[in-house]
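Here are the chains, one letter per residue:
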Amino acid sequence: MILNKKWIILIYILILISIAMIMAMATLNNINLLSNNTSYQDLERELYWKIKNKWDIFIKYQQILNKDWTWFIDNISCPNNITMSWTTSMVTWITSILTYSWSSFFCHWVYNTKPFDIFLNSTYDSYIASSYEWSSVWLISYWAWLQWSSTFSDSDSTLISFDNSSYQLADSIDDNFNSDDYKDSSTWNISYPDWYSDNDDLWRKTVFWSISSTWVYENIFWSNFETNDYINNNSNNTWALNINIVNVVTWSLFLDVDKNFLIKMVKFDRFYYTKDTRELLAIWTYLSSWSILAWSWYIKNLWWVLSLTSSTWADTNFFNFRDNDYAIFLSNMSTWILSYKLTGLNIDNKKIYLNPINDSFPNQINYLWNYIIINPWNIYIWKQLEIFWIK
């Protein structure tokens, strides 16, 4: 009888121990779950603010680029009925052509194998000077700017004259060559002369921001099928001087950094990051083996080691946007805030639309940005977010 009581007490103790262990495990699991949830929320919050902060600075940059002049104005063009008079002869109906050269716009033509130019004033609303056969003169206006004329100091004392009836008041070219319409062409997709580009679309071709001195890799760029489609669907990205990222097979990246840094580039398997899977699987990782000094050159790859070079030839056939997804990371190796700027050229020297922005809508701008965090176990944790902004 006493033996049975001892067994009952032992069994009771074992039951109490089992219950205590179950409760301890449950408490531990709850703590781990809470900890995991907290870590996940912290990562989500960090990813969100990385994207949001980048968008804020891009919007400010966009406003600067598309509000730095007075939209579209077309009140002046190059004269097409110019008179040139000499001592014994006179020629009329000379036509000039709008030209861009040496960072300047002017009206140009060649007469008797000699260059002849008419120059505009700084506000592009009047003519100011002319040059012919190495002689330059100020143009003198008469009748309240209805007529311009002047005499050159050449051997024939050549007289130039033209009036308001000799030039078209409209040529579909924005008079100050900056139409503030999110395009690098003039309004209505009219081309500027001599491959000149407006600055209105620079925010779609430039990746920039700053990195604090944490010595960790910060993601500055990531291309995938969604960002490529976003860029391709922007009807403003159709100008002949540029190219959409999805069409680029061979390209070069120009990196401008003002502090010492390390660079990492990861090529992801495109077949793993799809609409169904959305997994990041690294195929190759390219690294700089030492800290790179502050510089402004092209990214160069040699045996999976990244460095910078002054030429583009070393990059040929290395970066292929059409068939691969890439992410670029920078680590600030200084004790001060690092600023960077990233642009791209394809093999034909066309500038590349890098940023997933659609500003072709009349009243709003759509923005699809992303960010990747590399955790201590070298796992890529990412977020992609679409943001809208009303113009």
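Reference entry: report on the structure contained in this document. (Residues numbered from 1 in each chain as written. Predicted model: local features only at pLDDT ≥ 70, side-chain atom pairs only at ≥ 80, totals over all residues. Heavy atoms only, no water.)

### Let's talk about the environment of Glu-218
Within the element layout of this structure, Glu-218 appears in strand 12 (residues 217-222). Once the C-alpha coordinates of Glu-218 and Ser-331 are considered, the two residues, 113 residues apart in sequence, prove to be 6.2 Å apart. (Helix = DSSP H or I, 4+ residues; strand = E, 2+ residues; numbered from the N terminus.)

### Observations concerning unusual backbone geometry
A positive phi angle is found at Ser-172, which is not glycine, with a value near 70°. Following the sequence through the fold, Ser-172 ends up in the loop between strand 10 (159-163) and helix 2 (202-205).

### A short note on the sheet that holds strand 6 (residues 127-132)
If you trace the five strands from one edge of the open sheet to the other, you get 3-4-5-6-7, paired in antiparallel fashion. Two strands close off the open sheet at either side, each with one partner strand: strand 3 (97-101) and strand 7 (135-138). Averaged over all neighbouring strand pairs, the angle between strand axes comes to 30°, with direction disregarded. With four bridges joining them, strand 6 and strand 7 adopt antiparallel strand pairing. Bridge assignment links Ala-129 to a residue of strand 7, and that residue is Trp-138. (Pairing = 2+ DSSP bridges. Axes fitted to C-alpha atoms, helices over the stretch in contact; angles between N-to-C directions.)

### What about the pairing of strand 18 (residues 305-309)?
Walk down a regular strand and you will see the side chains alternate between the two sheet faces. With five bridges connecting them, strand 17 (residues 295-302) and strand 18 associate as antiparallel partners. Residue pairing in the sheet places Lys-300 in a bridge with Ser-307 of strand 18.

On their own, these measurements won't tell you what the molecule is for.
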